[in-house]
Amino acid sequence: LRELTDWAELVQALAPFQRPLFTLGREPLEHLQEIPPHQHWTLRALDPYPGTARCEVIGARGPFRLEDERALFAQRRIDVLISKNSGSGATEPKLQVARELGLPVLVLKRPLLPQVDRTFTDAATLLAHMNQYAQ
């Protein structure tokens, strides 16, 4: 498992691969015109989107079964998995398949959240604060 900080670092790490599977949402859709000539991407997102000649987009919602993930990796000849750090156990089947096949896993780190000047620990306090500005 290799953690990457941004898209530019991810593109560099993907250079030696041919058949990446992206499971990080819609972000790769912004980069379909940048696919290197030697690569064919498979992108799984929550909703279907048009792909290109070199990117198949699969619209699907998990959780995904282990045997279905194995079939996806085999049918698409996946050679690297790209995921995000969602903190969810729902990613385990695809990670298990990558381990079984000895494939590298590239993970985009969660972006740092901006600093805030106040936080709220419960809804009532938040609503009371918001009501000050609603009048």
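Keep in mind that this is a model prediction, so the values were computed, not measured.

A. Structural view of the pairing of strand 3 (residues 41–45). In terms of burial, strand 3 is a largely internal element, five of the five residues being buried. The alternating pattern of strand 3 places W41, L43 and A45 and T42 and R44 on opposite faces, both of which are buried. Alignment of strand 2 (residues 20–23) against strand 3, held across two bridges, turns out to be parallel. Its bridge partner being in strand 3, L21 is matched across the sheet by T42. Alignment of strand 3 against strand 4 (residues 55–59), held across five bridges, turns out to be parallel.

B. Quick peek at the confidence of the model for the chain. Taken over all residues, the pLDDT of the chain has a mean of 90, while the share at 70 or more is 93%. Per-element confidence in the chain is highest for helix 2 (residues 66–76), whose mean pLDDT is 97, and lowest for helix 4 (residues 123–134), whose mean pLDDT is 85.

C. Structural detail: the sheet that holds strand 1 (residues 2–4). Across the sheet, which stays open at both edges, the six strands sit in the order 1-6-5-2-3-4 with parallel pairing between neighbours. Here the strands that pair on one side only, and so sit at the sheet edges, are strand 1 and strand 4. When strand polarity is set aside, the average angle formed by the axes of neighbouring strands in this sheet is 20°. Pairing geometry for strand 1 and strand 6 (residues 105–108), over three bridges, is parallel. Within strand 6, the position partnered with L4 by the bridge is L108.

D. Local environment of helix 2. Restricting attention to buried positions, one finds in helix 2 the residues E69, L72, F73 and R76. Down the axis of helix 2, the sector holding all buried residues measures 95°, keeping them to one side. Exposed side chains of helix 2 directed beyond 90 degrees from the buried face belong to A74 and Q75. Looking at the residues trailing helix 2, positive phi occurs at R77, about 55°.

E. Examining the nonpolar core more closely. Membership of the largest hydrophobic core comes to 18 residues, with the highest contact counts inside it found for L10, L14, F22, W41, C55, I82 and L106. At four residues, helix 1 (residues 7–14) tops the list of elements feeding residues into this core. Counting residues in hydrophobic clusters, the runner-up holds twelve residues, among them I58, L103, V105 and V107.

F. Up close: the pattern of salt bridges. Under the counting rule described, the total for this entry stands at eight salt bridges. The closest approach of N and O atoms between R99 and E92, which form a salt bridge, is 2.4 Å. For R99, a relative accessible area of 54% translates into the label exposed. With a relative accessible area of 35%, E92 lands in the partly exposed category. What you see here is one network of salt bridges that share partners, running through R65, E67 and D68.

G. Just the side chain of E69, in detail. Along the chain, E69 turns up in helix 2. We classify E69 as buried; its relative accessible area is 2%. Looking at E69, its side chain comes within polar contact range of the side chain of R44, at 2.7 Å. When residues no more than four places from it in sequence are discounted, the contact partners of E69 are R44, F64, P93, K94 and V97.

Scoring rules and cut-offs
Residues numbered from 1 in each chain as written. Predicted model: local features only at pLDDT ≥ 70, side-chain atom pairs only at ≥ 80, totals over all residues. Heavy atoms only, no water. Buried < 20%, exposed > 50% of the residue type's maximum accessible area, 1.4 Å probe, protein only. Helix = DSSP H or I, 4+ residues; strand = E, 2+ residues; numbered from the N terminus. Pairing = 2+ DSSP bridges. pLDDT = per-residue confidence, 0-100. Axes fitted to C-alpha atoms, helices over the stretch in contact; angles between N-to-C directions. Arc of directions from axis to C-beta. Core = buried A, V, L, I, M, F, W, Y, C linked by side-chain atoms within 4.5 Å. Salt bridge = Lys/Arg side-chain N within 4 Å of Asp/Glu carboxyl O. Polar contact = N/O pair within 3.5 Å; in protein donor to acceptor, adjacent residues only side chain to side chain. Contact = heavy atoms within 4.5 Å.

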